Amino acid sequence: MSESAFPRTHAPARPGWVYLVGAGPGDPELLTLRAARLLLEADVVVYDNLVGQDVMACVPAGVERIYVGKKASNHALPQAGINALLVEQARLGKRVVRLKGGDPFIFGRGGEEVEELVQAGVSFEVIPGITAAAGIGAYAGIPLTHRDFAQACIFVTGHLKDGSVDLDWAMLARRKQTVVFYMGITQLPTICAELVAHGLPASTPAAVVRRGTTRAQRVVTADLATLPEAVKAAGITPPALIIVGDVVGLQPRLAWFHPEDAA
Ligand code: SAH
C-alpha cells in the first residue's frame with residue numbers, strides 16, 4: 001500500500017482515541033484501506049470472536065491484543081465491561097482499535113460502544129466494514145437485489161428472545177424482496193416455517209452460508225421446505241447467514257468463489 005497510490009484523507013491514528021473499525025466478513029483483502037492502515041498504527045486492538053485469524057494476522061507483532069469475544073450464551077466480557085475497557089485504554093493515551101466483524105453499526109453493538117465513548121468524553125471515529133450480507137452475497141453468487149427478482153433487501157436478526165417469535169413475519173414474507181437473517185441459524189426451522197405460514201411459497205429458494213468469504217466458506221442452497229434438513233445434514237454451525245428469496249435461485253450459475261481450489 002504505497003502512500004502515493006492511496007493518499008491519506010484522514011489524520012494518522014491519534015493517542016487517546018478509539019477507532020471503531022469494521023473488519024469485514026473474513027477475507028482480509030476485504031478490509032478497507034483505512035482499516036488496514038489503522039491496524040498498522042494501533043497500540044492496542046480489542047477484538048471479537050467474529051474477527052478471523054487471517055484479519056488478525058494483519059496486526060503487527062508487538063501490538064497489544066485484547067480478546068473480548070462472545071458467543072450467544074457465553075459472554076467472554078459483558079458489554080458494560082467492553083465499554084469500560086475502551087474508555088480505560090483510551091485514557092491511558094493509547095491508540096485503540098476496536099475491531100468488529102463486518103460493519104460495526106450492523107448488528108455489531110457499535111452504537112452502544114459509541115454512546116459510552118460520547119458519555120465519557122473520549123474521542124472516536126467509526127470506520128465502516130463490509131457487512132456479512134454484502135460479502136457473502138458477492139462470494140456465494142447471490143445478488144441481494146436484482147431487477148427481475150428483488151426490489152428490496154432486508155437485514156434482520158434471527159436471534160429470537162427465548163425462542164419466542166417477535167419478528168414482523170407478514171412483512172418478512174412479502175414477495176419480490178430478499179431477506180437476510182443474521183444470527184439465525186439455531187432458529188432455522190422456526191424461521192422457514194413462519195415465512196411459509198405467512199405466505200411465502202415453500203418452494204422459495206433459500207440458502208445458508210457459513211464463514212463466507214473465508215477458505216472455510218460453505219454454502220447450502222435449497223428451498224424453505226427443505227433447507228432445515230439440508231443444513232442439518234451438512235452439519236452447519238454458527239456463524240452462518242440465512243438468505244431467503246428468488247435471487248438465491250441464481251446461486252448455482254453465479255457462484256465463482258471455490259475456496260477448496262485456492263492455493
Ligand atoms: N457486524 C456484523 C454482524 C454481527 S452479528 C456484520 O456486519 O457482518 C453476527 C452474525 O453475523 C453471525 O451470527 C452470522 O449470522 C453473521 N456473520 C458474520 N460474519 C459471517 C461470515 N463470514 N459468514 C457467515 N455469517 C457471518
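What this report covers is the structure whose coordinates are included nearby.

### Regarding helix α3 (residues 79-91)
Then comes step 1: Along its 13 residues, α3 runs 19 Å from first to last C-alpha, staying within 8% of the 18 Å computed at 1.5 Å per residue.
Then comes step 2: Those residues of α3 not exposed but buried are Gln79, Ile82, Asn83, Leu85, Leu86, Val87, Gln89 and Ala90.
Then comes step 3: Positioned one or two residues after α3, Gly93 has a phi angle of 85 degrees, which is positive.

### Focus on the nonpolar core
Then comes step 1: Of all hydrophobic cores here, the largest spans 25 residues; its most connected members are Leu172, Phe181, Leu195, Val208 and Leu227.
Then comes step 2: Of all elements in the fold, only β8 (152-157), α6 (169-172), β9 (177-182), α7 (188-197), β10 (205-210), α8 (227-234) and β12 (240-244) reach the threshold of two or more residues within this core.
Then comes step 3: Among the elements that make up this core, the one with the highest residue count is α7 (four residues).
Then comes step 4: Leu172 has contacts with Ile154, Val156, Leu167, Gln177, Val179, Phe181, Leu195 and Leu200, leaving out every residue within four places of it along the chain.
Then comes step 5: Membership of the second largest hydrophobic core comes to 20 residues, among which are Ala35, Leu38, Leu99 and Ile127.

### Looking at the packing of aromatic side chains
Then comes step 1: With the rule as written, the count across this model stands at eight aromatic pairs.
Then comes step 2: One aromatic cluster is present, formed by Phe107, Phe155 and Tyr182 through successive ring pairs.
Then comes step 3: Sitting over the ring of Trp17, Arg14 keeps its end group 4.0 Å from the ring centre.

### A closer look at the sheet that holds strand β7 (residues 123-127)
Then comes step 1: The strand order β3-β2-β6-β1-β7 describes an open sheet built from five strands, whose pairing is parallel. Every interior strand has two partners, whereas the edge strands, β3 (64-67) and β7, have only one. Pairwise comparison of adjacent strand axes, ignoring direction, gives a mean angle of 20 degrees for this sheet.
Then comes step 2: Alignment of strand β1 (residues 17-22) against β7, held across five bridges, turns out to be parallel. Bridge pairing links Val21 to Ile127 in β7.
Then comes step 3: The strands touched by helix α1 (residues 33-41) within the sheet are β1, β2 (44-47), β6 (96-100) and β7, with β1 carrying the most contacts at an inclination of about 135 degrees.
Then comes step 4: The strands touched by α3 within the sheet are β1, β2, β3 and β6, with β6 carrying the most contacts at an inclination of about 150 degrees.

### Overview of α7
Then comes step 1: Burial in α7 covers these residues: Leu188, Ile191, Cys192 and Leu195. Down the axis, α7 shows its buried residues gathered within 95 degrees of arc, on one side only.
Then comes step 2: Looking at the buried side of α7, the elements it contacts are α6, β9, β10, α8 and β12.
Then comes step 3: Just past α7, the residue Gly199 takes up positive phi, approximately 120 degrees.

### As for the site of the ligand
Then comes step 1: In the vicinity of the ligand, 18 residues are found, and the nearest of them are Asp103, Ile106, Thr131, Ala132 and Ala240.
Then comes step 2: Within the backbone of Asp103, one N or O atom sits 2.8 Å away from an oxygen atom of the ligand.
Then comes step 3: One of the backbone nitrogen or oxygen atoms of Ala240 is found 2.7 Å away from an oxygen atom of the ligand.
Then comes step 4: Coverage of the ligand by the protein amounts to 92% of the 550 Å² it exposes when considered alone.
Then comes step 5: Taken together, the elements giving at least two residues each to the shell around the ligand come down to α5 (132-140) and β12.
Then comes step 6: Here the residues of the shell around the ligand sort into twelve nonpolar, four polar and two charged.
Then comes step 7: The residues that make up the shell around the ligand include at least three from each of domain 1 (3-127) and domain 2 (132-255).

The rules we used
- Residues numbered from 1 in each chain as written.
- Predicted model: local features only at pLDDT ≥ 70, side-chain atom pairs only at ≥ 80, totals over all residues.
- Heavy atoms only, no water.
- Helix = DSSP H or I, 4+ residues; strand = E, 2+ residues; numbered from the N terminus.
- Expected span 1.5 Å × (residues − 1).
- Buried < 20%, exposed > 50% of the residue type's maximum accessible area, 1.4 Å probe, protein only.
- Core = buried A, V, L, I, M, F, W, Y, C linked by side-chain atoms within 4.5 Å.
- Contact = heavy atoms within 4.5 Å.
- Phe/Tyr/Trp six-rings, centres within 6.5 Å; stacked < 30°, edge-to-face > 60°.
- Lys NZ or Arg CZ within 6 Å of the ring centre and 35° of its normal.
- Pairing = 2+ DSSP bridges.
- Axes fitted to C-alpha atoms, helices over the stretch in contact; angles between N-to-C directions.
- Arc of directions from axis to C-beta.
- Near = heavy atom within 4 Å.
- Polar contact = N/O pair within 3.5 Å; in protein donor to acceptor, adjacent residues only side chain to side chain.
- Areas by Shrake-Rupley, 256 points an atom, 1.4 Å probe, with all protein chains shown as cover.
- Nonpolar A, V, L, I, M, F, W, Y, C, P; charged D, E, K, R; others polar.
- Domains from an automatic or database assignment.

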